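# Chains, contacts and geometry: an overview
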Amino acid sequence: MQDAIDFLSARNPVFLDIIDKYGLPPIPKRPQGFATLVLLILEQQVSIDSAKATFLKIKAYTTCSPENMVELSDEEFRNLGVSRQKTKYIKILAEAVLSKELDIESLATKSAKEVREELIKLKGIGNWTIDIYLMFCLQEPDLIPLGDIAVVNTIKELLDIHDKKEMEIHAEQWSPYRSYATYLLWHYYLNKRNRKITY
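In this report, we go over the structure that sits alongside the text. (Residues numbered from 1 in each chain as written. Predicted model: local features only at pLDDT ≥ 70, side-chain atom pairs only at ≥ 80, totals over all residues. Heavy atoms only, no water.)

## Topic: the nonpolar core
A general trend in soluble globular proteins is that nonpolar side chains are found buried together. One finds Phe15, Met69, Leu93, Ile155, Trp174 and Trp186 to be the most contacted residues of the largest nonpolar core, which totals 64 residues. Each residue touching Trp174, except ones within four places of it in the same chain, is listed here: Phe7, Leu8, Arg11, Phe15, Asp142, Ile144, Leu159, Ala181 and Leu185. (Core = buried A, V, L, I, M, F, W, Y, C linked by side-chain atoms within 4.5 Å. Buried < 20%, exposed > 50% of the residue type's maximum accessible area, 1.4 Å probe, protein only. Contact = heavy atoms within 4.5 Å.)

Structure (structure tokens):
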């Protein structure tokens, strides 16, 4: 991590300012597999805390496996706090695993590009979900998820860049450590708002 910090600080002192003020960021880690992809679907466009509460309800009710998710009725999902749309996405994912259309275990052996090509085929799994899976589960070091509101808002605030294309171009100078830049941006965003997140 120190290599990444040194590299990013040399590119832009704003990263050093974040560390001086809030310390080093946590490096998010989540287990690879089906259950984490379900959690990521639940996290789309809602707070991490609210998604986690729903995920814990599912886990208390049944094992979060493809076999069980396919068997749950829409009404059971609704009672667990899952929207109709996300219920559909979870079932599509479960069916893809059961039919062997998707082999989640093999993703760890593939490049970020190959992982994206494979997961993007599934309805309900977009670039944000794939970025987070790559970063949290597969420890991909060089991604900037510009579908993430916190990242976009922090870049606007700290760097005064307001266009997403410009953000993407600007972030190229942070390669090969764009994921670490992201962790620092999240760290700033959360600390400034006195919010604590357990990834």
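Still to come is the rest of the account.
## Points about unusual backbone geometry
Cis peptide bonds are those with omega within 30 degrees of zero, and the linkage from Ser175 to Pro176 qualifies with 15°. By secondary structure assignment, the location of Pro176 is in the loop between helix 11 (164-171) and helix 12 (178-192). Residue Lys100 is not a glycine yet carries a positive backbone phi of 70°. Along the chain, Lys100 falls in the loop between helix 7 (84-98) and helix 8 (112-119). Even without a glycine there, the phi angle at Asn194 is positive, about 55°. With respect to the element layout, Asn194 can be found in the segment after helix 12. Exposure remark for Asn194: the relative accessible area of 72% places this residue in the exposed category. (Helix = DSSP H or I, 4+ residues; strand = E, 2+ residues; numbered from the N terminus.)

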